[in-house]
Amino acid sequence: MTHRDSHPWHVPDDQVTRYAEGTLPEPDAWSLEKHVEGCTRCASRVSAAVGGTAAGAVLAAVRAAVLEPAPAAAVAAKPVPGPAVRTPAPEAAVAARPAAGAVGRRPVVSRTARLLWAAGPAVRGAWLPAVLGVAVAAAALSYGAGFPGARALLLAIAPVVPVAGVALSYGPHADPLHEVTAATPGGGLRLALIRTVAVLAVSLPLLTLTGLLLPASGAPAAAAWLLPGLALALASLALASFVGCRAAAGVTGGGWLCAVLTPVAVAPGDAAAPRLAEQLSRCLDGVAAQGAWAAAAVLSATLLAARRPAYDRPLRP
Amino acid sequence: MGGQREKDDGSGGDAALLRAVARGDATAMAALYDRHAGWLHARLTRRCADPELVREVLQETFVTVWRSAAGHRGQEAGGWLWTIAARRLVDARRAQERAGRVAGPLPELESSGRYGSAAAPSAEDRVLAGLEYGDVGTALDRISPELREVLRATVVDGLSTREAARLLGIPEGTVKSRARRARVELREALAQLNPSPLGGTA
């Protein structure tokens, strides 16, 4: 049954009707089916006849479903199933290549979006609102309430934010499939680092910009917390390979807060803000302090690289 | 549906529609759907008693067309569409089976040819070439429904032995033996009905 330009035979009208009703006997139906594969005119006739039967409603519903979403959405939503698909597979590969102009490019956008969505449960859950909350609260405290130490307070809290993001975004508590994820080639440290980058990409610009908007009033520069933030995040990851993400974040974040806030806690009420600024200057200002943070970041990164195999197994909760 | 546009509206029209669909043209997709969805639905319904599954497979077929239209290489559009629909139906059957059964031991994974029926192409060609003759229809009516559905899956629908086995829910070995028996019985029935065209070479 090869292609012919003109078919000498066409499906008789009574066969079209009976096929649409589902009452045509098998041998005649076979001949009709084979013919319709190659004859557009008979295909239209049979389709029109089927549309006139009870199947018409189903056909209309499927038509709406097929035509409603943009092609790109259909492309993104439809993974190619396994080995059972023999013929369509190479065709799908061809179609997936962005040769088809605008249609081919759009899946890339959605893939990026999906990667960002997968960047960490924490990013789309409690953590992002928390970051926004810190930034807004700092701004409100400074401008609304006229609190002079707002930038100092923001700088004190800022390094803990990425640490908390890291702690929330990787580990058995963040991912019900963590054991499976950790065992995949893309899982483990690679995934943890991707999520850390996602956390940092949100928190670094946001908190630094907020810091710039606040009056200095004796506190260090707004960008001074970047290196400590990085060092603490890396230290958390390195430590997490021993004790799990949450405990590690508790140790590093808690340690930082203790170091910065202890002098404030023992100071009398009025002097709290200047004392905090002073303590932060000690921790953040100057080449020596920043150099020490940089060294700590490098050290943590080295330790993390050495502890990499620990991430191939599920972390402790 | 006028008879006069038969020539220029062969698979050429379909090929142009598929090219437009590959560019994301929804109007072309609508035209293609209106032309082919009806008979695809009817053909699927003849092979699957579950209307919900038929609907699902039909929709998946056209979703695949959105994706794969660029891969259409000038073959008959109807046949191309049916290939997609038949594979989708086999996949859906398999998924349904997997969901419904805890663990079904699959029959032996024999590396059979892509089309199990390729072993005896001449018999198929004869069957298909003879479909316009009344006696082939009579002969097909005489063989048992089990043999007929195997013949339909492998010969008319172009499925491989494994795909036919999944579609019909029987082991691959059974598909092979039934296809063999169907051919033998058909040949005998044809020889009885009309000894001249086929009896000599059989």
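Residues numbered from 1 in each chain as written. Chains lettered and ligands numbered in written order. Predicted model: local features only at pLDDT ≥ 70, side-chain atom pairs only at ≥ 80, totals over all residues.

Asks: Any chance you could explain the overall build of chain A here in plain terms?
Replies: If you tally the helices and strands in chain A, you get 17 helices and zero strands. For chain A, with 317 residues in total, the buried portion stands at 42%. Put simply, of all contacts in chain A between residues at least 6 apart along the chain, 78% involve residues at least 24 apart. (Helix = DSSP H or I, 4+ residues; strand = E, 2+ residues; numbered from the N terminus. Buried ≥ 20, exposed ≤ 12 C-beta atoms within 10 Å, placed from the backbone. Contact = placed C-beta atoms within 7 Å.)

Asks: Hey, could you run me through the environment of B:Leu186 in this one?
Replies: Looking at the secondary structure, you find B:Leu186 in helix α9 (residues 172–193). Between the alpha carbons of B:Leu186 and B:Leu147 there is a distance of 9.9 Å; along the sequence they are 39 residues apart.

Asks: I keep staring at the nonpolar core and nothing clicks. Help me out?
Replies: Nonpolar side chains tend to gather and get buried jointly when the protein is soluble and globular. A:Val46, B:Val21, B:Ala85 and B:Val150 are the most contacted members of the largest nonpolar core, which has 71 residues in total. In terms of residue count, the dominant contributor to this core is helix α4 (residues 77–100) of chain B (ten residues). The residues touching B:Val21, leaving out its near neighbours within four places in the chain, are B:Ala28, B:Met29, B:Leu32, B:Val65, B:Trp66 and B:Ala69. Counting 60 residues, the second-largest nonpolar core is a separate cluster that includes A:Ala138, A:Ala158, A:Ala198 and A:Leu232. (Core = buried A, V, L, I, M, F, W, Y, C linked by C-beta atoms within 7 Å.)

Asks: Looking at this structure, how should I read the confidence of the model for chain A?
Replies: If pLDDT is low for a region, its predicted coordinates should not be looked at in detail. Residue and element names in this part refer to chain A. Per-residue pLDDT for chain A averages 76, and the proportion of residues at 70 or more is 74%. Least confident of the elements in chain A is helix α6 (residues 88–96), whose mean pLDDT is 40; most confident is helix α3 (residues 40–51), at 92. Note on residues 1–5: pLDDT under 50 across the span, and six contacts to partners over four residues away in sequence or across chains. Note on residues 73–105: pLDDT is under 50 here. Beyond four places in sequence and across chains, it has 51 contacts. (pLDDT = per-residue confidence, 0-100.)

Asks: Would you mind showing me how to read the packing of helix α11 (residues 160–169) of chain A against helix α13 (residues 188–213) of chain A here?
Replies: Between two packed helices, the angle of one axis relative to the other and the distance separating the axes together describe the packing. Residues and elements named next belong to chain A. The geometry of α11 relative to α13 is characterised by a closest axis approach of 9 Å and an angle of 155° between their N-to-C directions. Looking at the two axes, α11 sits roughly antiparallel to α13. When you trace α11 past α13, the crossing you get is right-handed. Side by side, α11 and α13 meet where Val161, Pro162, Gly165, Val166 and Ser169 of the first sit next to Arg195, Thr196, Val199, Leu200, Ser203 and Leu207 of the second. Partitioned by chemical class, the residues of the contact of α11 with α13 number six nonpolar, four polar and one charged. (Axes fitted to C-alpha atoms, helices over the stretch in contact; angles between N-to-C directions. Parallel < 35°, antiparallel > 145°, perpendicular 65-115°, else oblique. Left-handed = near helix turned anticlockwise from the far one by under 90°. Nonpolar A, V, L, I, M, F, W, Y, C, P; charged D, E, K, R; others polar.)

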